[in-house]
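Results of the structural survey
Spelled out from the first residue to the last, the chains are:
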2 protein chains.
Amino acid sequence: MNDRVVPEAQRRRRKPTKSGTVLSEEVIVETALRLLAQHGSEALTVRRLGLALGADPTALYRYFRTADDLLLAVADELIGRAQCGWEPTGDWQADLRAIGLRIHSCYRSHPQAARLAGYRTTGRRHEAAAVENILGVLRRAGFPDPEAVRIYHAFVDQGLGFAILDAAADALPGPARQADEGVWQERYARLSTHTHPNIAATAGLLTREMAGSGYPLALDLLLAAAAARLALLRGEGV
Amino acid sequence: MNDRVVPEAQRRRRKPTKSGTVLSEEVIVETALRLLAQHGSEALTVRRLGLALGADPTALYRYFRTADDLLLAVADELIGRAQCGWEPTGDWQADLRAIGLRIHSCYRSHPQAARLAGYRTTGRRHEAAAVENILGVLRRAGFPDPEAVRIYHAFVDQGLGFAILDAAADALPGPARQADEGVWQERYARLSTHTHPNIAATAGLLTREMAGSGYPLALDLLLAAAAARLALLRGEGV
DNA sequence: CTTCACGCGTCAACGCCGTTGACATAAGGT
DNA sequence: ACCTTATGTCAACGGCGTTGACGCGTGAAG
């Protein structure tokens, strides 16, 4: 049914659910975020969300056309939270590092939303603000416009790519997640020195390294290389 | 049931299905890839795969313990295809660049599969070979083991991250994809100089830049920064 | 203060999904 | 030629998202 949903602005009557709570888009999105944070990504089903809200599961269809729609609303909320309170310091490398890490950690803390919607270009308010901020940092740092735009692209998509990759791993249902993480110990640490000498020689290091995210290092490498380019441009310019 | 699956090596008897086809891991994985390519990522269900194979859906459980297991096999096949035919040249930067671009383009040519399985750690044959190769390139280049492992992690996850990000965008259903791509022209190019000065100043550049992938530049930046680190290590070492 | 339209919570049901256990059958070493 | 057992098939389970019909009670209208 397409016309089940009444736009939030036009809602007039509020009927409490059986258990007494009053529903709204806001309450539902917040409950969904709480559910995800507390009980993992498997917990977000229409039925369980209904249960958590103390309402019939199908009541949600009065607020969102599909479960997908609900997830997009959750994702939108995330973008806002990632940027909330950020201020430029004047040190462009520190600023970009901070922005990158914020996006990454914010997406990872709500992995299934990140996985579903992290690669979309929304064109909405929060996204536009982020683009403006990052471009500003780069141009103020002294990158000429064409270079600023190219680095912007690499920087943003690197952050989103890692965010989606790590979020997707975080969002795996329990058993699969443990299995994937265990591979480094259970399997790679036991490969023969003969067939896989390089893995065998670094097995212990690998197990430890792969437990975390590769993003912080990749981010630093990108920033370092960008700084080298900037120095080169300045050196030639003068 | 855990003991339904007989390891591929030990399989002896082959009984054709009702419709006459003979099953094997290989046939199943290939059919799965075809299904994904032709009918999108939602098309990969046990039941539909069984239908496409002309077999009872549950016959798959003789080959893969769970549907997730099957997905891992698909992921590994993708990794294998990305690597097929690659040979080291001795120039570590060129080698890593080639591997990175291969993974990226291979995943993008199977966007549905990449989106579904690109972030998994399979621990299977092709993945192990890839890990071994990349570690080998880095260690032969002269990176000490701890550094080699860290750079391996950043390099691989950056490649996978961009691959999944770009694949996800490629795999968007037509209208949504055009909408997302159009945002740069339709929306960002029209923002006011006053509220978004940096976007307004670079709008034309942005529209052109965001049409492609940011990966090639990000890859080069990562390799350049890694080379700088290596030079530093060598300088100090001597 | 009454009336009454309709917003929205509820219920039952549909058709998918992955997975299991029991069963049928035919291949192949002996 | 037998007999073990690999492997295809079938029926069934519980969970999922989603829909259509129903009716309660709220808030506006008179």
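If you're wondering where the values come from, they're calculated on a predicted model, not measured in any experiment. (Residues numbered from 1 in each chain as written. Chains lettered and ligands numbered in written order. Predicted model: local features only at pLDDT ≥ 70, side-chain atom pairs only at ≥ 80, totals over all residues.)

What follows is about the overall build of chain A. Scanning chain A from terminus to terminus reveals 11 helices and zero strands. The linear arrangement of helices and strands in chain A, starting from the amino end, is α-α-α-α-α-α-α-α-α-α-α. By the compact-globule yardstick of 18 Å for 238 residues, chain A is too spread out, its C-alpha radius of gyration being 22 Å. Projected onto the principal axes, the alpha-carbon positions of chain A cover approximately 70 × 55 × 30 Å. Per-residue burial over chain A gives 38% buried out of 238 residues. Taking all contacts inside chain A whose residues are at least 6 apart in sequence as the whole, residues at least 24 apart take part in 66%. (Helix = DSSP H or I, 4+ residues; strand = E, 2+ residues; numbered from the N terminus. Rg over C-alpha atoms; globule rule 2.2 N^0.38 Å. Buried ≥ 20, exposed ≤ 12 C-beta atoms within 10 Å, placed from the backbone. Contact = placed C-beta atoms within 7 Å.)

What follows concerns the interface of chain B and chain A. Facing the 50 residues of chain B at the interface are 50 residues of chain A. Of all the secondary-structure elements, those providing two or more residues to the side of chain B that touches chain A are helix H6 (125–141), helix H7 (145–170), helix H8 (174–186), helix H9 (197–209) and helix H10 (215–237) of chain B. No other element matches H7 of chain B, which puts 16 residues into the side of chain B that touches chain A. Of the residues that constitute the side of chain B that touches chain A, the class distribution is 30 nonpolar, 10 polar and 10 charged. (Nonpolar A, V, L, I, M, F, W, Y, C, P; charged D, E, K, R; others polar.)

Residue and element names in this part refer to chain A. Splitting chain A by domain gives domain 1 (8–65) and domain 2 (87–233). Centre-to-centre, using C-alpha coordinates, domain 1 lies 33 Å away from domain 2. Counting residues at the interface gives five residues for domain 1, matched by five residues for domain 2. Residues belonging to the side of domain 1 that touches domain 2 are distributed by class as follows: three nonpolar, one polar and one charged. (Domains from an automatic or database assignment.)

What follows is about helix H3 (residues 67–83) of chain B. Because an α-helix packs 3.6 residues into every turn, residues spaced three or four apart end up facing the same way. All names here are of chain B. Between its first and last C-alpha, H3 extends 25 Å over 17 residues, near the 24 Å set by a 1.5 Å rise per residue. For H3, the set of buried residues is Leu70, Leu72, Ala73, Val74, Ala75, Asp76, Glu77, Leu78, Ile79 and Ala82. Where H3 is buried, its residues touch helix H1 (25–39), helix H4 (92–108), helix H5 (111–117) and H6. Immediately beyond the C-terminal end of H3, within one or two residues, lies Gly85, with a positive phi of roughly 90 degrees. (Expected span 1.5 Å × (residues − 1).)

A separate point is the nonpolar core. In this structure, Ile164, Leu221 and Leu222 of chain A together with Ile134, Ile164, Leu221 and Leu222 of chain B are the most contacted members of the largest nonpolar core, which totals 134 residues. Not counting chain neighbours up to four residues away, the residues in contact with Ile164 of chain B comprise Gly161, Ile164 and Leu165 of chain A together with Ala114, Arg115, Gly118 and Tyr119 of chain B. (Core = buried A, V, L, I, M, F, W, Y, C linked by C-beta atoms within 7 Å.)

Attention shifts here to H4 of chain B. Its 17 residues give H4 of chain B an end-to-end C-alpha distance of 24 Å, which sits within 8% of 24 Å, the value for a rise of 1.5 Å per residue. The complete set of buried residues in H4 of chain B reads Trp92, Asp95, Leu96, Ile99, Gly100, Ile103, His104, Cys106 and Tyr107 of chain B.

Let's shift gears to the relation of the copies chain B and chain A. For the pair chain B and chain A, the best superposition has an RMSD of 2.6 Å and corresponds to a rotation of 178 degrees with a translation of 0.8 Å parallel to the axis. What the rotation and shift describe, once combined, is the action of a two-fold rotation axis. Residues of chain B ranked by C-alpha distance from the rotation axis are headed by Gly161 of chain B, positioned 1.9 Å from it. By residue overlap, the copies meet face to face through one surface: 98% of the interface positions of chain B are interface positions in chain A. (Least-squares fit on C-alpha atoms with pLDDT ≥ 70 in both.)

Residues and elements named next belong to chain B. Two elements in contact, H4 and H7, have axes separated by 8 Å at closest approach and are oriented at 25 degrees. Relative to H7, the element H4 is oriented roughly parallel. At the point where H4 passes H7, the crossing takes the right-handed sense. Between H4 and H7, the contacting residues are Leu96, Gly100, Ile103, His104, Tyr107 and Arg108 on the first element and Phe155, Gly159, Phe162, Ala163, Asp166, Ala167 and Asp170 on the second. (Axes fitted to C-alpha atoms, helices over the stretch in contact; angles between N-to-C directions. Parallel < 35°, antiparallel > 145°, perpendicular 65-115°, else oblique. Left-handed = near helix turned anticlockwise from the far one by under 90°.)

The next point concerns the environment of Arg229 of chain A. With respect to the helices and strands, Arg229 of chain A occurs in helix H11 (residues 215–237). Distance from Arg229 of chain A to Gly40 of chain A, taken between C-alpha atoms, is 42 Å for residues 189 residues apart in sequence.

This paragraph deals with the environment of Tyr107 of chain B. Residue and element names in this part refer to chain B. As for its position among the elements, Tyr107 is in helix H4. Assessed through the 27 C-beta atoms surrounding it within 10 Å, Tyr107 is described here as buried. Sequence spacing of Tyr107 and Ile79 is 28 residues, and the spatial spacing of their C-alpha atoms is 8.4 Å. When residues no more than four places from it in sequence are discounted, the contact partners of Tyr107 are Leu78, Ala114, Gly118, Ala163 and Ala167.

With that settled, the discussion passes to the packing of helix H3 (residues 67–83) of chain A against helix H4 (residues 92–108) of chain A. All names here are of chain A. Running from N to C, H3 and H4 cross one another at 140 degrees; their axes reach a closest spacing of 9 Å. The angle between the axes of H3 and H4 places the two elements in the oblique class. For the pair H3 and H4, the sense of crossing is right-handed. Every residue of H4 that contacts H3 at Leu78, Arg81 and Ala82 is listed here: Arg102, Ile103, Cys106 and Tyr107. Each residue belonging to the contact of H3 with H4 can be placed in one class, and the counts come to five nonpolar, no polar and two charged.

We now examine the confidence of the model for chain A. Across chain A, the average pLDDT comes to 87, with 94% of residues at or above 70. Across chain A, the secondary-structure element scoring lowest on mean pLDDT is helix H5 (residues 111–117) of chain A, at 82, and the one scoring highest is helix H9 (residues 197–201) of chain A, at 95. (pLDDT = per-residue confidence, 0-100.)

Once that is clear, we can look at the environment of Ala55 of chain B. All names here are of chain B. Along the chain, Ala55 turns up in the loop between helix H2 (46–53) and H3. The class for Ala55 is buried, based on 23 C-beta atoms found within 10 Å. Residues Ala55 and Ala130, 75 residues apart in the sequence, show an inter-C-alpha distance of 33 Å. Apart from residues no more than four positions distant in its own chain, Ala55 is found in contact with Thr17, Thr21, Leu23 and Gly50.

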